[in-house]
Amino acid sequence: MTTLVDTAPATTAVAATAGDHSVGRIAGESRQLRYLIGAICVFVIALMIGPILLSFMASIKSPAEASASPPTYFPQEISLLNYLKVFNYQAGLLTYVGNSLAIAAIAIVLCLVLAVPAGYGLARFHFRGKEVLFVILLAPLMIPYQALLTPLYLNFAKIGLANSHLGLAIVHAVLQLPFSIYLMRNSFESIPREIEEAAVMDGSSSFQSLRNIFMPLVVPGIVTVALFTFINSWNEFLAALIFMNKETAFTVPIMLVSVRAGRLGAVDWGALQAGVMISIIPCVIIYILLQKYYVSGFLNGAVK
Amino acid sequence: VSTRLSKHAGILYIAPALLFVAAFVLWPLCQLAYLSMTNASLLGGAEWVGFENYAKAMKDKTFWTALWFTTRYTIVITPILIGLGFFLALLTLRNTPLRQITRTIIFLPVVIGLGSSSLLWYWLFDQQVGLFNKILVDLHIIQAPLVWFTKVDMALIAVTISITWKVIGFGMILFVAAFQSINSEIMEAATIDGANYGQRVWSIILPLSVRTILLATLISAIGSMLAFDQFYIMTGGGPRGQTFTSVYWIYQNSFISFKLGYGAALSIILTAIILFFSALQVALSNRGANA
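Residues numbered from 1 in each chain as written. Chains lettered and ligands numbered in written order. Predicted model: local features only at pLDDT ≥ 70, side-chain atom pairs only at ≥ 80, totals over all residues. Heavy atoms only, no water.

## Let's talk about the overall build of chain B
A count of helices and strands for chain B gives 13 helices and 0 strands. Written out in order from the N terminus, the α and β elements of chain B read α-α-α-α-α-α-α-α-α-α-α-α-α. The C-alpha atoms of chain B give 24 Å as radius of gyration, which overshoots the globular expectation for 291 residues (19 Å, by more than 25%). Judged by the C-alpha coordinates and their principal axes, chain B covers about 75 × 75 × 30 Å. Within the span of chain B, comprising 291 residues, buried residues form 58% of the whole. A fraction of 65% describes how many contacts in chain B between residues 6 or more apart in sequence connect residues 24 or more apart. For chain B, the exposed area adds up to about 12,400 Å²; of that, 67% sits on carbon and sulfur atoms. (Helix = DSSP H or I, 4+ residues; strand = E, 2+ residues; numbered from the N terminus. Rg over C-alpha atoms; globule rule 2.2 N^0.38 Å. Buried < 20%, exposed > 50% of the residue type's maximum accessible area, 1.4 Å probe, protein only. Contact = heavy atoms within 4.5 Å. Areas by Shrake-Rupley, 256 points an atom, 1.4 Å probe, with all protein chains shown as cover.)

## Quick look at the packing of aromatic side chains
All names here are of chain A. In total, this model carries 46 aromatic pairs over all chains according to the counting rule given. Here Y153 and F243 contribute two aromatic rings whose centre-to-centre distance is 5.6 Å and whose plane-to-plane angle is 90 degrees, an arrangement assigned as edge-to-face. Taken together, the residues span a long stretch of sequence, with Y153 in helix α7 (residues 145–158) and F243 in helix α12 (residues 238–243) at a distance of 90 residues. On the accessibility criterion, Y153 (14% relative accessible area) is buried. Residue F243 is classed as buried on the basis of its relative accessible area, which comes to 0%. Positioned over the ring face of Y293 is K292, at 5.5 Å from the centre of the ring. (Phe/Tyr/Trp six-rings, centres within 6.5 Å; stacked < 30°, edge-to-face > 60°. Lys NZ or Arg CZ within 6 Å of the ring centre and 35° of its normal.)

## Looking at the side chain of N53 of chain B
Residues and elements named next belong to chain B. Counting through the fold element by element, N53 comes out in helix α2 (residues 52–59). Here the side chain of N53 touches S36 through a polar contact of 2.9 Å, landing on its backbone oxygen. Ignoring sequence-local partners within four residues, the contact set of N53 consists of L35, S36, M37, T38, G261, Y262 and A265. (Polar contact = N/O pair within 3.5 Å; in protein donor to acceptor, adjacent residues only side chain to side chain.)

## Concerning the packing of helix α6 (residues 130–138) of chain A against helix α8 (residues 165–189) of chain A
Residue and element names in this part refer to chain A. α8 packs onto α6 with a crossing angle of 140 degrees between their chain directions and a minimal axis gap of 8 Å. Classified by the angle their axes make, α6 and α8 are oblique. Facing F134, L137 and L138 of α6, the residues of α8 in contact are P178, I181, Y182 and R185. Looking at the contact of α6 with α8, its residues break down into 6 nonpolar, no polar and 1 charged. (Axes fitted to C-alpha atoms, helices over the stretch in contact; angles between N-to-C directions. Parallel < 35°, antiparallel > 145°, perpendicular 65-115°, else oblique. Nonpolar A, V, L, I, M, F, W, Y, C, P; charged D, E, K, R; others polar.)

## Points about the interface of chain B and chain A
At the junction of the two partners, chain B supplies 101 residues and chain A supplies 109 residues. Of the roughly 9,600 Å² buried between chain B and chain A, counting both surfaces, carbon and sulfur atoms make up 76%. For the interface between chain B and chain A, the tally reads 0 salt bridges. Between the two partners, chain B and chain A, sit 13 residue pairs in polar contact (both at pLDDT 80 or more). In terms of residue count, helix α1 (residues 3–35) of chain B provides more of the side of chain B that touches chain A than any other element does, 21 residues in total. The residue makeup of the side of chain B that touches chain A, split by class, is 68 nonpolar, 22 polar and 11 charged. (Buried area = accessible area lost by both parts, 1.4 Å probe. Salt bridge = Lys/Arg side-chain N within 4 Å of Asp/Glu carboxyl O.)

## What about the layout of surface pockets?
In this model, the largest pocket occupies a volume close to 720 Å³. In terms of lining residues, the largest pocket is bounded by 23 residues, among which F43, A46, L47 and M48 of chain A together with W121 of chain B are the most central. For the lining of the largest pocket, the element with the highest residue contribution is helix α2 (residues 31–59) of chain A, accounting for 9 residues. By residue class, the composition of the lining of the largest pocket is 21 nonpolar, 2 polar and no charged. (1 Å grid on protein atoms, 1.4 Å probe; cavity = no way out; pocket = protein on both sides within 12 Å on 5 of 7 lines; lining within 4 Å. Points joined across faces, edges and corners; volume = space filled by probe spheres on them.)

Below is the structure:
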């Protein structure tokens, strides 16, 4: 069902290695065309990386220079005062980073605990109504979570989950679960039958086969689920804005908006850009380290 | 393992996920439908009012303005994302080191938060301290720094620029995958027959990417129809509430004005609109899978 897996046999490594049988080689580029493409690439790189570089440079300016009008492109002197300000902002940066990390960690655990067995059940067992149940599991894809936030908020407030890590983590798991189940199902399906048959011959129960035989083989799927859940939970904005309305419960994105609001209406631009840098650095590092998982996961879950 | 046992086991394995979806998606959806028939307030109290909220929504000018603004935003940004994504995929398709790096960097903003990128661009667009304005002035494109967020059309352009930067890598990757699945023999044959680059793009790559174009269009449409973060952060709904999006207006009603019942009715209307698009998307994905 669904997605682009079928259109993209090379999903695992589109960005990294596409093999040189790609359309480009056959296109037979002339030398001039190659130079032109190279020049456009450099221009595009500058456009894409520019905003992040400018923000980084603003974050290491002195607070006065960062708020100067007209602005400077490059810092006249390098200062870490903006970072210091963010570090000591209200309850302290560590509180907000801690909240974001705790929520992401719980969301990852929830997604894996639910999606790994579900993927196994869907891929490896035959029972009546399986297709219907699969569609129900993917239902959250079709219903915008933005619409569900009001009833979820009321329910959570009743049982004391408002302003709690667990409450927001549940919402983030709701967001991530369809993708996770879909991905885990595909992972389990791609394991050859013979491996399972060998386990049955040995007399393992289905749970033993899951734990001892399948789990090691679906590690790439598990990594991808954890990766996406982390990034999406770390970045999620609307639910965090609604559910975490107590200052000490803010996540990093909500803290940033609060930094911008500043005092007396004046925006502290340097501190704001330092905050932006802090919030994007984990995502950038993870992306660079795990690019292969990230891009293939994106293509697999393009339906989301 | 006996087949009978494994039948039950299969359901047992998916049961936790089913319960989770029932408790945190399906049940809240029912509650939402019920809420939409009441005048529930965040401050407490709720009475049954039937379809009154829906009748009110029909006459709510701000809601229709918000829905129309969201649609306009979707209509503006979707062709840009598709066209530019297609172009960038063509540009970086071949695996030379430079083009691989270009692809990696184009995709980079996709992984950072929409909140963070919106705050970054809010700063770049600022009239006093914004470097986007300064670059335009230094390049003599404009005379003096512009105020981007006090006019609807300017605000729409600014948000469109920032979101294009943020998500263009996604469209590009979809197209790269689609192009790479095109049989290279077809391209070779066309080249031997003397088709030039433009002709090959127009008569082979484009027709074979129709499904990806449709899929990318729907993904972009759904995402844009649900836009919130970028407008909340960059325009705050202003000027005079003209850049409220649908989700933003729902948030405003439910959590700022405390009118949960009315917000729920608006949510149901929005859900119906999104369901239409997602159903199309799933149908499209399935057709591709079966073909």
